[in-house]
Amino acid sequence: MPAASSHRRGAAPSGRRPAADPWKVDLRELGRRAGSMRDWEKTVPAQAGWGIEMIGVPEGAHVELHLRLESVMEGVLVSGEVDVPVTGQCARCLEPIEDTVHLDVQELYAYEGSTTEATSEEDEVRRIDGDFLDLAPLVRDTVVLTLPLSPTCTPDCSGLCVDCGLRLDDLPADHTHEVLDPRWAGLADRFTPSKEN
Ligand SMILES: [Zn+2]
Ligand SMILES: [Zn+2]
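Remember, predicted model here, so these are calculated numbers, not experimental data.

**Student:** Which residues make up the overall build of the chain, and what are the values?
**Tutor:** Per the secondary structure count, the chain includes 3 helices and 9 strands. Secondary structure elements of the chain, listed N to C terminal, follow the sequence β-β-β-β-β-β-β-α-β-β-α-α. Out of the 197 residues in the chain, the part that is buried amounts to 32%. Taking as baseline every contact in the chain between residues at least 6 positions apart, the subset at least 24 positions apart corresponds to 57%. For the chain, the exposed surface amounts to about 12,800 Å²; the carbon and sulfur share of it is 49%.

**Student:** Account for the coordination of the zinc ion (ligand 1), with residues named and values stated.
**Tutor:** Here the zinc ion (ligand 1) is held by the protein donor atoms C90 (SG), C93 (SG), C153 (SG) and C157 (SG), which lie 2.3 Å from it. Classification of the site at the zinc ion (ligand 1) as tetrahedral follows from its 4 donor atoms and the range of 107 to 114 degrees in their angles at the metal. Mapped onto the sequence, the donors of the zinc ion (ligand 1) take the spacing C-x2-C-x59-C-x3-C. With C93 in the loop between β6 (75-89) and β7 (96-110) and C157 in the loop between α2 (136-146) and α3 (182-191), this residue pair connects regions lying 64 residues apart in the sequence. Residue C93 is classed as buried on the basis of its relative accessible area, which comes to 6%. According to the relative accessible area criterion, C157 is buried, its value standing at 5%.

**Student:** How would you explain the side chain of D21 if you had to name every residue and give the values?
**Tutor:** You can see D21 is positioned in the segment before β1 (24-26). Classification of D21 as buried rests on a relative accessible area of 7%. In this structure the side chain of D21 is engaged in a polar contact, spanning 2.8 Å, whose partner is the backbone nitrogen of W23.

**Student:** Explain the nonpolar core to me, and be specific about the residues and the numbers.
**Tutor:** Formed by 37 residues in total, the largest nonpolar core has its most connected members in L65 and L135. Every element with two or more residues in this core is listed here: β2 (37-45), β5 (62-71), β6, β7 and α2. Those residues within four positions of L135 in sequence are excluded, and the remaining contacts are W23, V25, W40, L65, L67, V78 and Y109.

**Student:** Lay out the pairing of β7 with the relevant residues and their values.
**Tutor:** Pairing between β6 and β7: 15 bridges, direction antiparallel. Paired with V78 across the strands is E107, a residue of β7. Between β6 and β7, which pair antiparallel and follow one another directly, the connecting turn spans 6 residues, one of which, L94, has a positive phi of 70 degrees.

**Student:** I'd like a description of the packing of aromatic side chains, backed by residues and values.
**Tutor:** Under the criterion given, the structure shown has 1 aromatic pair. Seen from their ring centres, W23 and W50 are 5.2 Å apart, and the 65 degrees between their planes marks the pair as edge-to-face. Taken together, the positions of W23 in the segment before β1 and W50 in the loop between β2 and β3 (51-52) put the pair 27 residues apart, joining distant regions of the chain. A single burial state applies to W23 and to W50, both of which are buried. Above the plane of the ring of Y111 lies R32, whose end atom (NZ or CZ) is 3.8 Å from the centre. Positioned over the ring face of W40 is K42, at 4.7 Å from the centre of the ring.

**Student:** Give me the coordination of the zinc ion (ligand 2): which residues, what numbers.
**Tutor:** Around the zinc ion (ligand 2), the protein contributes the donor atoms C161 (SG), C164 (SG), H175 (NE2) and H177 (NE2), at 1.9 to 2.3 Å from the metal centre. Geometry at the zinc ion (ligand 2) is tetrahedral, judged from its 4 donor atoms and the angles of 102 to 113 degrees they form at the metal. The motif formed by the donor residues of the zinc ion (ligand 2), counted along the single chain, is C-x2-C-x10-H-x1-H. Residue C161 is located in the loop between α2 and α3, and its partner H177 is located in the loop between α2 and α3; the two are separated by 16 residues in the primary sequence.

**Student:** Let's hear about the confidence of the model for the chain: which residues, and what values?
**Tutor:** On average, residues of the chain score 85 in pLDDT, and 80% of them reach the 70 mark or higher. Low pLDDT, under 50, characterises residues 1-15; the predicted model gives this stretch 19 contacts beyond four residues in sequence or across chains.

Cut-offs applied
Residues numbered from 1 in each chain as written. Chains lettered and ligands numbered in written order. Predicted model: local features only at pLDDT ≥ 70, side-chain atom pairs only at ≥ 80, totals over all residues. Heavy atoms only, no water. Helix = DSSP H or I, 4+ residues; strand = E, 2+ residues; numbered from the N terminus. Buried < 20%, exposed > 50% of the residue type's maximum accessible area, 1.4 Å probe, protein only. Contact = heavy atoms within 4.5 Å. Areas by Shrake-Rupley, 256 points an atom, 1.4 Å probe, with all protein chains shown as cover. Donors = N, O, S within 2.8 Å, 3.2 Å for Na, K, Ca; no water. Tetrahedral: all angles 85-135°; square planar, octahedral: opposite > 155°, others 65-115°. Polar contact = N/O pair within 3.5 Å; in protein donor to acceptor, adjacent residues only side chain to side chain. Core = buried A, V, L, I, M, F, W, Y, C linked by side-chain atoms within 4.5 Å. Pairing = 2+ DSSP bridges. Phe/Tyr/Trp six-rings, centres within 6.5 Å; stacked < 30°, edge-to-face > 60°. Lys NZ or Arg CZ within 6 Å of the ring centre and 35° of its normal. pLDDT = per-residue confidence, 0-100.

Written out as structure tokens, the structure is:
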């Protein structure tokens, strides 16, 4: 199965202006003065490619952002909670899984030219791009790191019966397949209630 390509851009095919991307925050509204604060409550569509092999976020799924943006000296601190719908398949019984992942996030986006930006490696810190802060990479990275490699439909899913392939949790607890040794087959017949004489 192909690995999820996390760099595909799935959002906002119409319009190239950054403001058209619902994941981008226009910081001109926040202001650079340290201490400026703004609540960011929004529902935005998930972009494509947020997932791993057996579980992921469906493109366009409604991601709920309950965030606070706070202007600090070096940039903008993003903190709060994000609810992300995920769908996938149980690694044990292959049943579909539908769930919502709840994420706590706290991340500093550094201003271009700030000390934090100047002293950090390229991939160590998130950056503010001009007047815009892109929330999508933060949510994508956080959710992808949270996803289990082997998701299960229930924490103790018993998987499939190795003999008949049915879901064990759907079968009676004593489900077994009596594999009769052919040498005993004749004996078994004698003990099977036969028709009345
Ligand atoms: Zn299962
Ligand atoms: Zn079975």
